[in-house]
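Close look at the chain arrangement
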Amino acid sequence: MLFRRGPKVPPPRPPDLPFDEAARDALGNATAEAQKANVGAVHAEHLLYALMADPSGLAARAFERLGHEPAMVRRRMEHASPPRAWGLRAPVLPYADDVKGAIEFAMREARAAGLHQVGAGELLLGVLQSPMGVPARIFGQMEITATALRAALKAGTHPTEP
């Protein structure tokens, strides 16, 4: 037999977009938030807390543009978050499905915007759009939409002209 048929090999998957420094910091700080809460996995609310930790950061400014104080958003999240199973103190915690969904939505946002990296703004949009997370439900109650959040984020990255 001249040509042998081997197993069909799928084409290589394109590499995922890298995270910029702010997004990497937020993901690391989300793990710290989950460890502080003494839970066994990093959830979407932990990622949101990490994104809002800096009062002059992108997420905090976006919420202020939308008329919501970051401290109030955090209190609403803490009040609405279900009790989580306590976990072991580990240096690395797994990401829960809601965070994995948020990261996937963030990558979609970055690709749709033609970006070569996922930033903190895309992660925030991913948290909003991840249907499994507590933040998506709370944002719905607060009437914060992806379109409004995109506009608030965009207003914070480009100087406005008089």
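Details of the structure are given in the entry above.
Here the structure is a predicted model, which is why all the values come from computation and not from measurement. All residue numbers here refer to positions counted from 1 along the written sequence of the relevant chain. Note on the predicted model: pLDDT of at least 70 is required for a residue's local features to be given, and 80 or more for side-chain atom pairs to be given and counted; whole-chain, interface and lining totals, by contrast, use all residues. Hydrogens and waters are ignored; side-chain quantities use all the structure's heavy atoms.

1. With respect to the nonpolar core
The condition is simple: For our purposes a nonpolar core is just a set of buried Ala, Val, Leu, Ile, Met, Phe, Trp, Tyr and Cys residues, chained together by side-chain atoms within 4.5 Å. Accessibility here uses a 1.4 Å probe with only protein chains present; expressed as a share of the type maximum, an area under 20% marks a residue as buried, one over 50% as exposed, and anything in between as partly exposed. In DSSP terms, a helix is any run of H or I states spanning at least four residues, a strand is any run of E spanning at least two, and both are numbered starting from the N terminus. The criterion used for residue contact is that any of the two residues' heavy atoms lie within 4.5 Å.
Counting residues in hydrophobic clusters, the biggest one holds 44 residues, and the most contacted among them are Leu47, Leu48, Leu51, Leu123 and Phe139. Mapped by element, the contributors of at least two residues to this core are α1 (21-36), α2 (44-52), α3 (58-65), α4 (70-80), α5 (97-112), α6 (120-129), α7 (134-141) and α8 (146-157). Contacts of Leu47, omitting those with residues within four sequence positions, involve Ala26, Leu27, Ala30, Val99, Ala102, Leu123 and Val127.

2. Observations concerning the layout of surface pockets
This is how the line gets drawn: Lining residues are defined by having an atom within 4 Å of a point belonging to a cavity or pocket. Those points lie on a 1 Å grid over the protein atoms alone, cavities being sets where a 1.4 Å probe fits but cannot get out and pockets being open sets with protein on both sides within 12 Å along at least five of seven lines. Grid points are joined across faces, edges and corners, and a volume is the space filled by probe spheres set on the points. Amino acids outside the nonpolar list (Ala, Val, Leu, Ile, Met, Phe, Trp, Tyr, Cys, Pro) and the charged list (Asp, Glu, Lys, Arg) are all regarded as polar, and Gly is one of them.
Of the pockets and cavities examined, the second largest pocket occupies roughly 180 Å³. In this structure, the second largest pocket is lined by 14 residues; those nearest its centre are Ala22, Ala26, Ala50, Leu51 and Ala120. Of all the secondary structure elements, the ones that give two or more residues to the lining of the second largest pocket are α1, α2, α3 and α6. For the lining of the second largest pocket, the element with the most residues is α1, which contributes 4 residues. Counted by class, the lining of the second largest pocket contains 9 nonpolar, 3 polar and 2 charged residues.

3. Focus: the packing of α2 against α6
Counted only if it meets this: Working convention: axes come from line fits to C-alpha atoms, limited for helices to the stretch in contact. Angles between N-to-C directions cover 0 to 180 degrees. Crossing handedness is defined as follows: a turn of the near helix away from the far one that is anticlockwise and smaller than a right angle gives a left-handed crossing, while the clockwise case is right-handed.
Running from N to C, α2 and α6 point in directions that differ by 145°, and their axes come no closer than 10 Å. Classified by chirality, the crossing of α6 by α2 is left-handed. Across the interface between the two elements, Ala44, Leu47, Leu48 and Leu51 of α2 pack against Ala120, Leu123, Leu124 and Val127 of α6. Tallied by class, the residues present in the contact of α2 with α6 amount to 8 nonpolar, no polar and no charged.

4. Some remarks on the pattern of salt bridges
The following threshold applies: In the sections that follow, a salt bridge refers to a side-chain nitrogen of Lys or Arg positioned within 4 Å of a carboxyl oxygen of Asp or Glu.
Under the criterion given, the structure shown has 4 salt bridges. Its salt-bridge partner being Arg150, residue Glu109 comes within 2.7 Å of it at the nearest N-O pair. With Glu109 in helix α5 and Arg150 in helix α8, this pair connects stretches of sequence that are 41 residues apart. Using a relative accessible area of 35% as the deciding quantity, one classes Arg150 as partly exposed. Several salt bridges converge on common partners, so that one network encompasses Glu33, Lys36 and Arg74.

5. A look at the packing of α1 against α2
Working note: a packed helix pair is described by the angle between its axes plus the distance between those axes. In plain terms, the rule: In what follows, roughly perpendicular refers to angles from 65 to 115 degrees, roughly parallel to angles under 35, roughly antiparallel to angles over 145, and oblique to any angle outside these ranges.
Two elements in contact, α1 and α2, have axes separated by 8 Å at closest approach and are oriented at 120°. The orientation of α1 relative to α2 falls into the category oblique. At the point where α1 passes α2, the crossing takes the right-handed sense. The segment α1 lies against α2, with Ala26, Leu27, Asn29, Ala30, Glu33 and Ala34 engaging His46, Leu47, Tyr49, Ala50 and Leu51. Its residues assigned to classes, the contact of α1 with α2 comprises 8 nonpolar, 2 polar and 1 charged.

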